[in-house]
Amino acid sequence: MTVQTTGSRTAVPDGISAVNLADPKSYLENDMDAYWRRLRADHPAYRHGRDGEYPEFWVVSRYADVMALYRDDRRLTSEKGNVLVTLLAGGDSAAGQMLAVTDGRRHKDLRNVMLRAFSPRALAHVTDLVRTNTRALVSDFVRRGSGDFAAEVASVIPMTTVGGLLGVPQRDHPYLLGLTKSSLSSDEADQAPEEAFLARNEILLYFSDLVAERRADPQDDVITTLTQSDIDGVPLTDQDIVFNCYSLILGGDETSRLSMIEAVHALSREPEQWRRLKQGEVTLESAVEEILRWASPAMNFGRRALVDIELHGETIKAGDVVTLWNISANRDDAVFDDPFTLDLGRTPNKHITFGYGPHFCLGAYLARVEVKEMLDALRTFTTGFELTGEPRRIHSNLMTGMSYLPVGFTADEAGLATAGS
Ligand code: HEM
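Residues numbered from 1 in each chain as written. Predicted model: local features only at pLDDT ≥ 70, side-chain atom pairs only at ≥ 80, totals over all residues. Heavy atoms only, no water.

With an unreviewed UniProt entry as reference, the chain is termed Cytochrome P450, source organism Kitasatospora aburaviensis.

This is the structure we're talking about:
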């Protein structure tokens, strides 16, 4: 790589400027590990689209900077969007109402209301559900011997989890799953943006109906809790609740699904790590954290700068879009020893998979439970597994992972005997 220096600025080498981070195809066509390594080393504050060819936004790739900017809600706002698609479109229509795109005092109050809905009592019911569901799905899959792990196992678990939390009837889970897939990433390369837009609207309509039902007939679930909540004596509106249900279902579905798929994908390629897990040489807890670091399913989140910010000799202007790259921060060798090695016993492991600061993921506990139950079911019911075909990656500039994972499992008969039928 040749990097030319012009004055105090380093010119961006072609290999870097040729990658359009807004285009989902870029992640399938380029060696992104090499790309991030170069950005972290040479362009830690990189202005994407500087030459006008691609959309313009700042790219922050080092762990320490990503962390500092996540924390900095004084100089950066989420209210103009927190993902590329809304940031580049100029804003998010749920700003000030949906937790992830609300700042300041209102964010804090809303987060406290939502945290009540995530009380240990509500979560105890859901974590039991996750365990039972995961054990049943994985043991059935192992008995069948092979199939698409993504569709047959990993897709089903997060929707049951968040659906169970929100009180979405089981019969509607497949419908919502289809909509969440269309609205965020896509299993298809050529999905039209209008399709994503329509899917998002359908999710909102679905939750409007459910909120009306819960107001009329309260149940023991999150939607009911939200209908009974207020901030400073003012009850949450239907729209407040609908936007936040939407955020939970989108935030909680795809990210967890992709983490579980990556767990099986990564372990199928790393027999020594699988052996350590199977033989109990590493704790489930440390294995979960390493799978989360490794998968980094949410590649980036973003903000808009409220004031000028100096970073590594560059000036991020007030109003500029700033993207924070978890996927790069989680491979930063300034923080992680040997970051490109999967090490299920890695400690410490302060990955940034769930973000940091005021918007730290609300569902982190639940996501960890899901990955933990998945790893526990795998080590109990199978002696090993291998890919039986070529996996397929999703198409997204926000998420990363597989949409299709053909895999064959070898049964652990003693383990399966504990699963029930
Ligand atoms: C926020 C990642 C699972 C609900 C976030 C953020 C990240 C993230 C990086 C910060 C966004 C920002 O700063 O703008 C993940 C990953 C998951 C996961 C990688 C799984 C492996 C879940 C689950 C739920 C959930 C299971 C719900 C049940 C949310 C919500 C927020 C959030 C509501 C917004 C919090 C706020 O703005 O205060 N998540 N998430 N997430 N996540 Fe997750």
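And the narrative resumes.
It is worth spelling out the sheet that holds strand β4 (residues 57-60) at this point. Strand order in this open sheet of five strands is β3-β4-β12-β9-β5, and the pairing throughout is mixed. Here the strands that pair on one side only, and so sit at the sheet edges, are β3 (45-48) and β5 (76-77). Examined bridge by bridge, β4 and strand β12 (residues 321-325) share three bridges and lie parallel to one another. Bridge pairing in β12 links Val 60 to Leu 324. Sitting on the sheet, helix α4 (residues 63-71) is in contact with β4, β5, β9 (300-305) and β12, with an inclination near 125° to β12. (Pairing = 2+ DSSP bridges. Helix = DSSP H or I, 4+ residues; strand = E, 2+ residues; numbered from the N terminus. Contact = heavy atoms within 4.5 Å. Axes fitted to C-alpha atoms, helices over the stretch in contact; angles between N-to-C directions.)

Turning to the pattern of salt bridges, a few remarks are in order. Inspection of every chain in the model, using the stated rule, returns 26 salt bridges. Among the ionic pairs, Arg 75 bridges to Asp 72, the shortest N-O distance being 2.7 Å. Across the pair Arg 379 and Asp 376 runs a salt bridge whose closest N-O atoms are separated by 3.0 Å. Taken together, the residues Arg 379 and Asp 376, both in helix α17 (residues 364-381) and three residues apart, mark about one turn of the helix. With relative accessibility at 25%, the residue Arg 379 sits in the partly exposed group. For Asp 376, a relative accessible area of 12% puts it in the buried group. The network of salt bridges with shared partners includes Arg 131, Glu 373, Asp 376 and Arg 379. (Salt bridge = Lys/Arg side-chain N within 4 Å of Asp/Glu carboxyl O. Buried < 20%, exposed > 50% of the residue type's maximum accessible area, 1.4 Å probe, protein only.)

This brings us to the layout of surface pockets. Approximately 710 Å³ is the volume attributed to the second largest pocket. Every residue lining the second largest pocket is counted, 27 residues in all, and those nearest its centre are Asp 33, Glu 262, Arg 331, Arg 393 and Thr 400. Sorting the residues of the lining of the second largest pocket by element identifies α3 (32-42), α13 (238-269), α15 (284-295) and β14 (392-393) as the ones contributing at least two each. For the lining of the second largest pocket, the leading source of residues is α13, giving five residues. Looking at the lining of the second largest pocket residue by residue, the classes come out as 14 nonpolar, four polar and nine charged. (1 Å grid on protein atoms, 1.4 Å probe; cavity = no way out; pocket = protein on both sides within 12 Å on 5 of 7 lines; lining within 4 Å. Points joined across faces, edges and corners; volume = space filled by probe spheres on them. Nonpolar A, V, L, I, M, F, W, Y, C, P; charged D, E, K, R; others polar.)

Looking now at the sheet that holds strand β16 (residues 406-411). The strand order β6-β16-β13 describes an open sheet built from three strands, whose pairing is antiparallel. Two strands lie at the open edges of the sheet, namely β6 (146-148) and β13 (382-387), each paired on one side alone. For this sheet the average axis-to-axis angle between neighbouring strands, irrespective of direction, equals 25°. Here three bridges tie β6 to β16, and the two strands are oriented antiparallel to one another. Paired with Asp 148 across the two strands is Pro 406, which belongs to β16.

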